[in-house]
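Each chain, written out:
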Amino acid sequence: MLRAMTTQPPPRLALANLPTPLFHSHALDALVGAEVWVKRDDMTAGAETGNKIRKLEFLLADAQRAGADVVVTCGGLQSNHCRATALLARGLGMRCVLFLRGEEPALREATGNYFLNRLAGAEIHAISATDYAMRDTLMAKAAEELSQEGATPYVIPEGGSNGLGAFGYVHACAELKSQLDAGDAGGEAFEAIAVACGSGGTAAGLALGAKRNDVATQVLAMAVCDSRAYFERRVADIMFEARKWAPGLSRGGDAELVVLDEFKGPAYGMATEAQLEFLVAVARVSGLVLDPVYSGKALYALAHMKDRPSRVCFVHTGGCPGLLAEPGTLTRQLQPERQ
Ligand SMILES: *Cc1c(COP(=O)(O)O)cnc(C)c1O
């Protein structure tokens, strides 16, 4: 009995609108230089949309199992993960406490994800970059205090990236397999799945799920910060942790994980002129809206990498609220097109 149970994936709440469509455009193929099928995970939901909801399907199921009435998590001021958590927690009748790295803007200047956190009534602690380095300690302390007040807290790490959250993208691989089996994307497996990599959980789930589900043998994790060495270790750690939840995953069959860090741009949240021009070009040939922090850098990386695979599934992880929060980023690129 116990053995049968432990090979099952962990319990999941159905929160996202699934399956997400596979989008294809010949003009986009030409721009990228490969046959690209875009897995529209920017369409997983309404305001809570993006890749984080898939992880939260597992994390919030665990929070409910633990009887939690308040969720504690962290991220940047414009964190998509925090916004998704704040909204979804409310939908499940829970409070949400956020530790956000950055200076809290006045409400009248609140934009994007931060604005949506305020709308959801999240309890926000804006903290310095130095304090953010100790985020796990700060969240543990907050949880302790909440417990003393009689609440039942549940702490979710940055990006929802732990072993349990990774199951969101193991599940996404099974979903993709069903789509291929139904004849979508020509019905054939991809050479690779490409995705932005910020805290590693999405790449970890894909590396665990892609080959086992026969959708691809390689995962291209396009780092948007940190280094290749950092993410190789980080993603491996998350995969290791995931196997504890479902030991069935320890038997063979991981996809090859390739981390590329040469396209991350000047810093997290900062893109090169060429990356911004590419993001604008993508919108103008395909109508797809990428964001400058994650998905824009990731598709740019795919278009510019050496030995690019010829048939790829690109996971569009969302990020639109962050783009809308800083329209000034694209001032130069959005000068009127001249004939
Ligand atoms: C969080 C995020 C990512 C990165 O996913 P990780 O699992 O944190 O690596 C990519 N794109 C968007 C839009 C995100 O919000």
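None of the values given here were measured: they were computed from a predicted structure. (Residues numbered from 1 in each chain as written. Predicted model: local features only at pLDDT ≥ 70, side-chain atom pairs only at ≥ 80, totals over all residues. Heavy atoms only, no water.)

A. Representation of the pairing of strand β8 (residues 218-223) within the structure. Most of β8 is tucked away, with six of its six residues classed as buried. Every second residue of β8 is oriented toward a common face, with Gln-218, Leu-220 and Met-222 on one face and Val-219, Ala-221 and Ala-223 on the other, all of them buried. Note that strand β7 (residues 192-197) and β8 share six bridges and pair parallel. For Cys-197, the partnering residue across the bridge sits in β8 and is Ala-223. One crossover worth recording links β7 to the parallel β8 by way of helix α9 (residues 201-209), and it is right-handed. In the sheet, β8 pairs with strand β9 (residues 256-260) via five bridges, with the strands oriented parallel. Paired with Ala-221 across the strands is Val-259, a residue of β9. (Buried < 20%, exposed > 50% of the residue type's maximum accessible area, 1.4 Å probe, protein only. Helix = DSSP H or I, 4+ residues; strand = E, 2+ residues; numbered from the N terminus. Pairing = 2+ DSSP bridges. Right-handed = clockwise from strand over helix to strand, strands pointing away.)

B. Layout of the nonpolar core. Of all hydrophobic cores here, the largest spans 101 residues; its most connected members are Val-32, Leu-60, Ile-193, Met-222, Leu-299 and Leu-302. Grouped together as the second largest cluster of nonpolar side chains are eleven residues, Val-70, Cys-74, Ile-127 and Ala-151 included. (Core = buried A, V, L, I, M, F, W, Y, C linked by side-chain atoms within 4.5 Å.)

C. The arrangement of the packing of aromatic side chains in detail. Scanning the entire structure with this criterion turns up five aromatic pairs. A centroid spacing of 6.3 Å and a plane angle of 70 degrees characterise the contact between Phe-263 and Tyr-300, whose relative ring orientation is edge-to-face. Residue Phe-263 is located in the loop between β9 and α11 (273-286), and its partner Tyr-300 is located in helix α12 (residues 295-304); the two are separated by 37 residues in the primary sequence. The pair formed by Phe-263 and Tyr-300 is uniform in burial state, with each residue classed as buried. Geometry around Tyr-294 places Lys-52 over its ring, the cationic atom sitting 5.6 Å from the centre. Here the guanidinium or amino end of Arg-54 rests over the ring plane of Tyr-169, the centre of that ring lying 5.5 Å away. (Phe/Tyr/Trp six-rings, centres within 6.5 Å; stacked < 30°, edge-to-face > 60°. Lys NZ or Arg CZ within 6 Å of the ring centre and 35° of its normal.)

All quantities given are derived from atomic positions and should not be read as evidence of function.
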